[in-house]
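For reference, the chains in residue letters:
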Amino acid sequence: MIRRALVLISVALLLAGCDGSGTKEGAPAPTAAAVPTTTPSEPGASTTTPAPAPSPAEPDLAGARFRVQKVAALQQPTAMAVRAGDDAVYVTEKVGRVRRIPNGQTPQPGAVDPAPVLDITNDTSKGGEQGLLGLTFSPDGSKLYVDYTDTEGDTRVVEYVFNDGRADPATRRELLFVDQPYANHNGGQVSFGPDGKLYIGLGDGGGQKDPERRGQNLSTLLAKILRIDPTPSGGQPYTVPADNPFVGRAGARPETWVWGLRNPWRFSWDRQTQDLWIGDVGQDEWEEVDFLPAGRAAGANLGWSDMDSRHRLRGDNPDGAFLPITEYNHDDGNCSVAGGYVYRGSKVPALAGAYLYADTCTGKLWGLVEGDGRVVDQRELPLNSEGGNGHSIVSFGEDAAGELYLLDLSSGIYRFEPAA
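Let me sum up the structure you'll find in this document. (Residues numbered from 1 in each chain as written. Predicted model: local features only at pLDDT ≥ 70, side-chain atom pairs only at ≥ 80, totals over all residues. Heavy atoms only, no water.)

### Overview of the side chain of Ser 305
Part 1 of the argument: Tracing the chain through its elements places Ser 305 in the loop between strand S19 (300-301) and strand S20 (307-308).
Part 2 of the argument: Residue classification places Ser 305 among the buried residues on the basis of a relative accessible area of 0%.
Part 3 of the argument: Among the polar contacts made by the side chain of Ser 305, one reaches the side chain of Arg 213 at a distance of 2.8 Å. (Helix = DSSP H or I, 4+ residues; strand = E, 2+ residues; numbered from the N terminus. Buried < 20%, exposed > 50% of the residue type's maximum accessible area, 1.4 Å probe, protein only. Polar contact = N/O pair within 3.5 Å; in protein donor to acceptor, adjacent residues only side chain to side chain.)

### A short note on the nonpolar core
Part 1 of the argument: Membership of the largest hydrophobic core comes to 50 residues, with the highest contact counts inside it found for Phe 66, Ile 101, Leu 351, Leu 365, Phe 396, Ile 413 and Phe 416.
Part 2 of the argument: Once you skip the residues sitting within four places of it in the chain, Phe 66 turns out to touch Val 348, Leu 351, Leu 365, Leu 381, Pro 382, Leu 383, Asn 384, Phe 416, Glu 417, Pro 418 and Ala 419. (Core = buried A, V, L, I, M, F, W, Y, C linked by side-chain atoms within 4.5 Å. Contact = heavy atoms within 4.5 Å.)

### Focus on the state of the cysteines
Part 1 of the argument: Within the structure shown, the criterion is met by 1 disulfide.
Part 2 of the argument: Note that Cys 335 is cross-linked by a disulfide to Cys 361, the S-S spacing being 1.9 Å. Its S-S torsion of about 70° marks the bond between Cys 335 and Cys 361 as right-handed, since a negative value means left-handed. Taken as a pair, Cys 335 in the loop between strand S22 (326-329) and strand S23 (337-342) and Cys 361 in the loop between strand S24 (355-359) and strand S25 (365-371) lie far apart in primary sequence, 26 residues in all.
Part 3 of the argument: Classification of Cys 335 as buried rests on a relative accessible area of 6%. (Disulfide = S-S within 2.5 Å.)

### Points about the pattern of salt bridges
Part 1 of the argument: Inspection of the entire model under this criterion finds 21 salt bridges.
Part 2 of the argument: A salt bridge links Arg 100 to Asp 86, with the shortest nitrogen-to-oxygen separation between them at 3.5 Å. In this pair, Arg 100 is assigned in strand S5 (residues 97-101) and Asp 86 in the loop between strand S3 (77-82) and strand S4 (89-93), connecting sequence segments 14 residues apart. Comparing Arg 100 with Asp 86 shows no difference in burial state: the two are buried.
Part 3 of the argument: Asp 306 is the partner of Arg 213 in a salt bridge, and the nearest nitrogen-oxygen pair spans 2.8 Å. A residue pair is termed long-range when its members are at least 10 positions apart, and Arg 213 in the loop between strand S13 (198-202) and strand S14 (224-228) and Asp 306 in the loop between S19 and S20 qualify at 93 residues.
Part 4 of the argument: Judged by its relative accessible area of 30%, Arg 213 falls in the partly exposed class.
Part 5 of the argument: Residue Asp 306 is classed as buried on the basis of its relative accessible area of 13%.
Part 6 of the argument: When salt bridges that share partners are traced, they join Arg 83, Asp 86, Arg 100 and Asp 113 into one network. (Salt bridge = Lys/Arg side-chain N within 4 Å of Asp/Glu carboxyl O.)

### Things to note about the pairing of S22
On a regular strand, each side chain points to the face opposite its neighbour's, so the side chains alternate between the two faces of the sheet.
Part 1 of the argument: With burial as the criterion, each face of S22 is covered, one bearing Thr 326 and Tyr 328 and the other bearing Glu 327 and Asn 329.
Part 2 of the argument: Bridging between strand S18 (residues 286-292) and S22 involves 4 bridges; their strand directions are antiparallel. Among the inter-strand pairings, Trp 286 is bridged to a residue of S22, identified as Asn 329. (Pairing = 2+ DSSP bridges.)

### Description of the sheet that holds S4
Part 1 of the argument: The strand order S3-S4-S5-S6 describes an open sheet built from 4 strands, whose pairing is antiparallel. The two strands at the open ends of the sheet, each matched to only one other strand, are S3 and strand S6 (118-119).
Part 2 of the argument: Looking at chain direction, S3 and S4 are connected through 5 bridges and run antiparallel. Note on S4: the bridge partner recorded for Met 80 is Val 91.

### Some words on the pairing of strand S15 (residues 256-259)
Part 1 of the argument: Here S14 pairs with S15 via 3 bridges, running antiparallel. Residue pairing in the sheet places Leu 226 in a bridge with Thr 256 of S15.
Part 2 of the argument: In this structure, S15 lies alongside S19, joined through 2 bridges in parallel fashion. Bridge assignment links Trp 259 to a residue of S19, and that residue is Asn 301.

### What about the sheet that holds strand S27 (residues 393-398)?
Part 1 of the argument: In space, the 4 strands of this open sheet follow the order S2-S29-S28-S27, with antiparallel pairing throughout. On the outer flanks of this sheet lie strand S2 (66-73) and S27, each paired with one strand and no other. Averaged over all neighbouring strand pairs, the angle between strand axes comes to 30°, with direction disregarded.
Part 2 of the argument: Inspection of the sheet shows S27 paired to strand S28 (residues 404-408) by 5 bridges, in the antiparallel sense. Paired with Gly 397 across the strands is Tyr 405, a residue of S28. (Axes fitted to C-alpha atoms, helices over the stretch in contact; angles between N-to-C directions.)

And the structure:
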């Protein structure tokens, strides 16, 4: 019990869903909402929504039977990535290491390469929400990218050439530095999207209720998902794509792709439809999941900090802003959403096409089925594993075949498998 309590304290510090201001009892479980039919008023937003590719079968959440099997024990894993032409999975440890697990299908725990792929523990702050938070590879697998907080607590996004199974420290190239005004809400995800561009998630910089109002401020990189091309250009370490929605707009950072976020803790694209899903950590009552259909993400405003999820915080929902597709409150110990993936693997057919997400503090796992921007079905899914539902689910991973993994902050990485 003491160890579990310490883990939950660490979880709460890592994601800070409550900012220490307590929880409110008596509110309902995850609540569905329709994505607004209004189109974001910002430049670059499409006025049409392409029809999604047909799914071979509707997900059957009620009939889904699966278990999660431990693949490896790791020290506070935070993010997972795969590399083109490589059957390993790569996982970040919060303290500042990237570890390689040869053959992500390895069933035996502890199958981790003894030498880290990258070790930046001396450069990484490790307290609270800080640490090594994000990892991705270039589409061709030749470069590795990490997002971490340095010893001053500021965000750095760094590129390394990947040689002989390791990130070459001599090739370190910094793409982005962001001053963090507080120690929390760092975001931390880096991912290449379906378009081959690099996306970077940043929280609002911290502080309770966004005290400097960065959420609705387009002149800062904070509270955003950024979109860049990591190729240097014009003396800068990266290139801003010409089709980014705020290019040329006075007073707006052109790197911005999505804005109005509090702390985007894991976003992903449906590999079949290219819809974008975002888990955004809420204030002290609500957690949200946002759904942006393919073609509608550019310039989308998600409302923070005028709104906290679907609830007024200090103003009305900004004109044209997207409301979350679903939300849940902090009843029963919930505290921080961990965004996941739409399952497109083959091991658990009943989950095919369902979006999976979790709460870190309680270890609850939910499945959500979307149709026409609305929740068709949504329910808690039991986790059958040696820990029962007692996982500290801090993140998810997806391998090249679309199979899903969950990262438990307290114990390691697990893979979704058919029920035994």
